[in-house]
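Here is what each chain is made of, one letter per residue.
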Amino acid sequence: EIDDPFIMLHLVLLPQILYHIDRHLTAMAFKKHCTRNFKNLGKCLSQISTSSVLEALTAKSCAIEQTYDRLEWLGDGVLKLLQTDALLTLPWTFYLHEGYLSMLRSAMGS
């Protein structure tokens, strides 16, 4: 048991507060980066709350009550959107059939 509240603040509470602030800032930076660099993904992420994005980015091993398991569909959808966007920006994919585009996207991994 820690008797001094000042020590309690510095050893226990302050690191936890800073950790949660850092997580929130990371999620906000991720949304900003995607908005700036991936037009379609940025549109989608602008409609999703930062806390939902944070939850989607949090691994189960972090031992936090919110993990990506609940929002796994968001991560899969984001990957597919990024892969599709990357494929459609290539000039030669314009001539390919949709089936071949699906095969290429699958080969990229998900």
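It should be noted that the structure appears before, not after, this text.
Now for a description of the structure that goes with this document. Model, not experiment: these values are computed from the prediction.

We now examine the nonpolar core. Grouped burial of nonpolar side chains is what soluble globular proteins tend to show. Formed by Ala27, Cys34, Leu41, Leu45, Val53, Leu54 and Val78, the largest nonpolar core amounts to seven residues. Contributing elements (two or more residues each) for this core: α1 (5–37), α2 (39–46) and α3 (50–57). Among residues more than four places away in sequence, those in contact with Cys34 are Lys39, Leu41, Gly42 and Leu45.

As for its position among the elements, Asn40 is in helix α2. For the pair Asn40 and Leu82, spaced 42 residues apart in sequence, the C-alpha to C-alpha distance is 8.3 Å. With sequence-adjacent residues up to four places away left out, Asn40 is seen in contact with Leu81 and Asp85. A polar side-chain atom of Asn40 sits 3.4 Å from a polar atom in the side chain of Asp85.

Quick look at the side chain of Lys31 now. By secondary structure assignment, the location of Lys31 is in helix α1. Judged by its relative accessible area of 14%, Lys31 falls in the buried class. The residues contacting Lys31, other than those within four sequence positions of it, are Leu45, Ile48, Ser49, Thr50 and Val53.

Criteria and cut-off values
Residue positions are given per chain, counted from 1 along the sequence in the order it is written. Reporting in this predicted model follows two pLDDT cut-offs: at least 70 for local features of residues, and 80 or more for side-chain atom pairs to be given and counted; totals over whole chains, interfaces and linings ignore these cut-offs and use all residues. The side-chain values count all of the structure's non-hydrogen atoms but skip hydrogen atoms and water molecules. Residues enter a nonpolar core if they are buried and are Ala, Val, Leu, Ile, Met, Phe, Trp, Tyr or Cys, with the set joined through side-chain atoms within 4.5 Å. Burial here depends on accessible area, computed with a 1.4 Å probe over protein chains only, as a share of the maximum for the residue type. Under 20% is buried, over 50% is exposed, and the range in between is partly exposed. Only runs of H or I of at least four residues qualify as helices and only runs of E of at least two qualify as strands under DSSP, and these elements are numbered from the N terminus. By the convention used here, residues are in contact when the closest approach between their heavy atoms is within 4.5 Å. Two N or O atoms form a polar contact when they lie within 3.5 Å of each other; inside protein one atom must be a possible hydrogen donor and the other a possible acceptor, and for residues adjacent in sequence the pair counts only when both atoms belong to side chains.

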